[in-house]
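# Descriptive analysis of the structure
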Amino acid sequence: MKNFKYIIALFTLIGFTSCSNDNETYATNGETIFRTGINIHGTVLQDISQSEIKKVHGCANCHGDNGKGKFRGGGDKQTGSITYYDLTNTSIYTPVYNDDLIKRFIDSETKSDNTHANTGVVYVMKETDKIDLINFLKTL
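Attention here is on the structure that accompanies the text. (Residues numbered from 1 in each chain as written. Predicted model: local features only at pLDDT ≥ 70, side-chain atom pairs only at ≥ 80, totals over all residues. Heavy atoms only, no water.)

In this fold, Thr79 is placed in the loop between α3 (59-63) and α4 (84-87). There is a polar contact of 2.5 Å between the side chain of Thr79 and the backbone oxygen of Cys62. Of the polar contacts made by the side chain of Thr79, one reaches the backbone nitrogen of Lys70; its length is 2.9 Å. (Helix = DSSP H or I, 4+ residues; strand = E, 2+ residues; numbered from the N terminus. Polar contact = N/O pair within 3.5 Å; in protein donor to acceptor, adjacent residues only side chain to side chain.)

This is the structure we're talking about:
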């Protein structure tokens, strides 16, 4: 009877972990990174030791499925839009972001105006992952 309980517990655990969104892949590597924080090769792109937020998060967790930002935790402050259209909009950012400035932001949380952002999440991405993510942001 004890073995049966362990088997049930094991299948329950497998069921919970298989339902996790962290292992999902999407149409492109960029979309997979945006939604999960993991690339299509299964590499976790968040530096857990350097991040204030320890759980792996994709961009969508804070910026919403459409990248336009969302209210988090019942608060009254909305996260910013990270759609490529908004990042390159002169009425929102001066100077506007370009691909190189977005890469710099990913690497060091340095905004287009050279000030520091504190996102709470630090990513370490290969150049190809950054390019794929930026290309996905261009589709939002």
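Resuming the write-up.
Two numbers describe how helix α2 (residues 29-36) lies on helix α6 (residues 127-137): the axes approach to 7 Å, and their chain directions differ by 85 degrees. Between α2 and α6, the angle is such that the two are roughly perpendicular. Of the residues in α6, those touching α2 at Asn29, Gly30, Glu31, Ile33, Phe34 and Arg35 are Asp129, Asp132, Leu133, Phe136 and Leu137. Class assignment for the residues of the contact of α2 with α6 results in five nonpolar, two polar and four charged. (Axes fitted to C-alpha atoms, helices over the stretch in contact; angles between N-to-C directions. Parallel < 35°, antiparallel > 145°, perpendicular 65-115°, else oblique. Contact = heavy atoms within 4.5 Å. Nonpolar A, V, L, I, M, F, W, Y, C, P; charged D, E, K, R; others polar.)

We now examine helix α5 (residues 99-108). Think of an α-helix as 3.6 residues a turn; residues three or four steps apart then line up on the same face. Regarding α5, the residues found buried are Leu101, Ile102, Lys103 and Ile106. Where the residues of α5 are buried, they touch α4 and α6. Residue Asn98 occupies the N-cap position of α5, its side-chain oxygen lying 3.0 Å from the main-chain nitrogen of Asp100. A positive phi of about 60 degrees marks Glu109, the residue just after α5. (Buried < 20%, exposed > 50% of the residue type's maximum accessible area, 1.4 Å probe, protein only.)

This next bit is on the environment of Thr115. Position of Thr115 relative to the elements: it lies in the loop between α5 and α6. Sequence-distant contacts of Thr115, defined by excluding residues within four places in its chain, comprise Glu109 and Thr110. Of note is the side chain of Thr115, whose polar atom sits 2.6 Å from the side chain of Asp113.

On to the pattern of salt bridges. A complete count under the given rule lists six salt bridges for this structure. Its salt-bridge partner being Asp107, residue Lys130 comes within 2.9 Å of it at the nearest N-O pair. Placement of Lys130 in helix α6 and of Asp107 in helix α5 is noted, with a sequence separation of 23 residues between them. Here Lys130 falls in the buried class, since its relative accessible area comes to 6%. With relative accessibility at 44%, the residue Asp107 sits in the partly exposed group. (Salt bridge = Lys/Arg side-chain N within 4 Å of Asp/Glu carboxyl O.)

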